[in-house]
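Coordinate analysis (summary)
Below are the chains, spelled out letter by letter.
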Amino acid sequence: MKPKILIIGACGQIGSELTFKLRDLYGSTNVIASDISYSNLGVVNTGIFEVVDARSYSSIKICVDKYQIDTIYLMAAMLSATGEKFPMKAWDLNMESLFHVLNLAKANVIKKVFWPSSIAVFGPTTPVENTPQYTVMEPSTVYGITKQVGERWCEYYFNKFGVDVRSLRYPGIISWKTMPGGGTTDYAVEIYHKAITDGAYECFLSENTKLPMMYMDDAIKATVDIMEAPAEAIKIRSSYNLSAISFTPKDVAESIQASHPDFKITYSPDYRQTIADSWPKSIDDSRARADWGWNHSFDLQDITKEMLFQLDKKYNTPLKKSN
């Protein structure tokens, strides 16, 4: 039996590409996309779409009942940089939506939940290199606080009520298909767009700010893999560390310049630098690799090659390339 899936926050950066992947896997009639508005017509026009307010239990429940949903991917959230501007809105959205979905699972209305966490759960007192699965967590952003608290509630609902909830601590995500939504790692997407459109980029982080990053295809693969794994393989019910590669803005710029030598980058760190400085530089995700077979495919050179190729086609304004 194929799952009947509801994706909440399907118009976002990860949610949109997850929607397309799940529709390919399970069929468009089995995957219901939803969001607060029709903000991504690619998602809206390629399958079933419903307007759902993630902050409203009744809004979610009506959709679940209408389509006999058994699996929810809760992708709606206010991210780190935006959350610092609107802290109470970030708390309300990120926490209320999680409780609504966990309570639906507790009541046996749905069978399985995916909820994304983030490297934002870590803080300035966390070991920055090879950050372990279990370590000090003192997040310095509202977004990170909501994710840390959410992890505890996921684990509690599993232990107390047997809720099958699964989670990944996403690093920064890079994709050419959709623009990011207000995160601290957004530069790693913006830089490729600006390389093609402007030939230059002003980065809001310093050149040597090293952060864990991942190509979207790997992030989607990890999400599908953990949800398809047998329940007994999921040993961690808070959230798994997830990693692929780590790099700095300078590293990205040099990878672009290898084929686009005229590309220029400058640095003008803003308030997001403080957030980035509180996060790990690299992540130990050995538990995910051991428990359910996680493995990434894209390194920085692969990412840069794919991003530039796809954006060259999208904008139809390729830069002069070296021979």
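Residues numbered from 1 in each chain as written. Predicted model: local features only at pLDDT ≥ 70, side-chain atom pairs only at ≥ 80, totals over all residues. Heavy atoms only, no water.

Moving on: the pairing of strand β1 (residues 5-8). Burial along β1 is two-sided: the residues Ile 5 and Ile 7 and Leu 6 and Ile 8 are all buried. Each parallel crossover has a hand, and for β1 linked through helix α1 (residues 13-26) to strand β2 (residues 31-35) it is right-handed. Here four bridges tie β1 to strand β4 (residues 71-74), and the two strands are oriented parallel to one another. Bridge pairing in β4 links Ile 5 to Thr 71. (Buried < 20%, exposed > 50% of the residue type's maximum accessible area, 1.4 Å probe, protein only. Helix = DSSP H or I, 4+ residues; strand = E, 2+ residues; numbered from the N terminus. Right-handed = clockwise from strand over helix to strand, strands pointing away. Pairing = 2+ DSSP bridges.)

We now examine helix α3 (residues 57-67). Those residues of α3 that sit buried are Ser 59, Ile 60, Cys 63, Val 64 and Tyr 67. What you see down the axis of α3 is that its buried residues fit within an arc of 130 degrees, all on one side. When the buried face of α3 is taken as reference, the exposed residues oriented beyond 90 degrees from it are Ile 62 and Lys 66. Where α3 is buried, its residues contact β1, β2, β3 (49-51), β4 and α5 (87-106). Taken from the residues just after α3, Gln 68 is the one with a positive phi, measuring 55 degrees. (Arc of directions from axis to C-beta. Contact = heavy atoms within 4.5 Å.)

Here we have three strands laid out as an open sheet, ordered β9-β11-β13, and mixed in their pairing. Lying at the two open borders of the sheet, with one neighbouring strand each, are β9 (172-174) and β13 (245-247). On average, adjacent strands in this sheet sit at an angle of 45 degrees to one another, irrespective of strand direction. Pairing geometry for strand β11 (residues 211-215) and β13, over three bridges, is antiparallel. Pairing of Met 213 across the sheet is with Ile 245, part of β13. In the packing of helix α8 (residues 216-228) onto the sheet, the strands contacted are β9 and β11, and the crossing angle to β11 comes to about 80 degrees. (Axes fitted to C-alpha atoms, helices over the stretch in contact; angles between N-to-C directions.)

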